[in-house]
Amino acid sequence: MATNTKILNKRVEIVDIQPGQEGSLLDISSETDSLTNTNKHLGYLNDVQEVIVRQQRNMRETLRGTEEPNVYFLYDRTSGEKLFHIQENIGCCQQQCFGGSRKFKILIYDKFNREVIELKRSTSCSDCFFCLSRCCNCLDKVTVYVKNYKKLPFEWVKVGQVKQNWNFIFPSFNVCDVSGEKKYKLKGPIVTSGCFSNIIFKIQDPLGNSTVGNITKEWSGLCTEYTSDADLFTIKFPDGNIDEKIKATLLGAMIFIDFKYFEG
């Protein structure tokens, strides 16, 4: 006796699972889509044009005068929504001995407490004339990584780098993509400290001909400025459909600037 079976709008897949390979079949697309809007790596950075980065005030650092791991919170300037939590991960010896020149590993978490961005910096020399000479390999840099949640195992993927330029007068940096191509140039003021005024680092095109955005260290008030390292920054990203990985690298540039000029 023959039996006819119709299966409409169905697709059946038979998968041969080998021992120890169960984890490779995990489908995380539904989870990732619920956490991010347009990009499974970075999510919320895609939808913002301007952000506020506020460093958390540490009372132990204020009272004891010692360096503590930096903690920041990143907010969308338009809506005020908290998007990321930024946490420095470094040993006590590095903090006390090297100050703002210390190497660091900084992890950036989204609002679901998931690691999304990692910043790494090696121990740098002081910004003396000899260490900033063109023939010396001591120019400072920060490398930016993004965690790839698209497939197992979840791994860190390099997406960009911020490199210090030799400049005897102005603070100067290159913002590069993963291939090393310069995407933007950062140019700071001659004086990186001041009272009652903001300090602006211009985001310029690769040739430095026009300003397309800025990283601003906001004046936080006399009491905060002189009793703690709790700084306040804003980042205005360049207009247009900027790559979210470059936005992550510009965020790394802001942290880099804070350590070099406003830490300690």
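Residues numbered from 1 in each chain as written. Predicted model: local features only at pLDDT ≥ 70, side-chain atom pairs only at ≥ 80, totals over all residues. Heavy atoms only, no water.

Caption draft 1: Expanded view of helix α5 (residues 244-261). With 18 residues, α5 ought to run about 26 Å at 1.5 Å a step, and its terminal C-alpha atoms sit 26 Å apart, in line with that. At the N-terminal boundary of α5, the capping side chain belongs to D243, with an oxygen 2.8 Å from the backbone nitrogen of K245. (Helix = DSSP H or I, 4+ residues; strand = E, 2+ residues; numbered from the N terminus. Expected span 1.5 Å × (residues − 1). Polar contact = N/O pair within 3.5 Å; in protein donor to acceptor, adjacent residues only side chain to side chain.)

Caption draft 2: Examining a nonpolar patch on the surface more closely. The grouping of F168, I169, I190 and V191 at the surface amounts to a nonpolar patch, some 450 Å² of accessible area in total. When you line up the elements, I169 lands in the loop between β7 (155-164) and β8 (172-177). (Patch = residues over 30% accessible without salt bridge, like charges linked within 9 Å, V, L, I, M, F, W, Y side chains within 5 Å. Areas by Shrake-Rupley, 256 points an atom, 1.4 Å probe, with all protein chains shown as cover. Salt bridge = Lys/Arg side-chain N within 4 Å of Asp/Glu carboxyl O.)

Caption draft 3: Seen up close, the pairing of strand β2 (residues 71-76). Within β2, five of the six residues are buried, which leaves it mostly tucked inside the rest of the structure. In this sheet, β2 lies alongside strand β1 (residues 50-55) in antiparallel orientation, the contact comprising five bridges. Bridged to V53 within β2 is L74. Of the pairings in the sheet, the one linking β2 to strand β3 (residues 82-89) comprises five bridges and is antiparallel in character. Its bridge partner lying in β3, F73 is registered against H85. Between β2 and β3, which pair antiparallel in sequence order, lie five residues; one of them, G80, sits at a positive phi of approximately 80 degrees. (Buried < 20%, exposed > 50% of the residue type's maximum accessible area, 1.4 Å probe, protein only. Pairing = 2+ DSSP bridges.)

Caption draft 4: Region of the structure containing the sheet that holds strand β12 (residues 232-236). Spatial ordering of the closed barrel is given by β1-β2-β3-β4-β5-β6-β7-β8-β9-β10-β11-β12, a layout of twelve strands whose pairing is antiparallel. Neighbour-to-neighbour, the strand axes of the sheet open up by a mean angle of 20 degrees, direction not taken into account. Across five bridges, the pairing between β1 and β12 is antiparallel. Bridge pairing links R54 to L232 in β12. (Axes fitted to C-alpha atoms, helices over the stretch in contact; angles between N-to-C directions.)

Caption draft 5: Broad picture of the environment of N148. By the secondary structure assignment, N148 is in strand β6 (residues 141-148). Owing to a relative accessible area of 15%, N148 belongs among the buried residues under this scheme. Distance from N148 to I117, taken between C-alpha atoms, is 9.7 Å for residues 31 residues apart in sequence.

Caption draft 6: Summary view of unusual backbone geometry. Notably, N113 is not glycine yet its phi reads approximately 65 degrees, a positive angle. Along the chain, the position of N113 falls in the loop between β4 (104-110) and β5 (115-121). Its relative accessible area of 59% is what places N113 among the exposed residues.

None of the figures reported here should be taken as evidence of function without further support.
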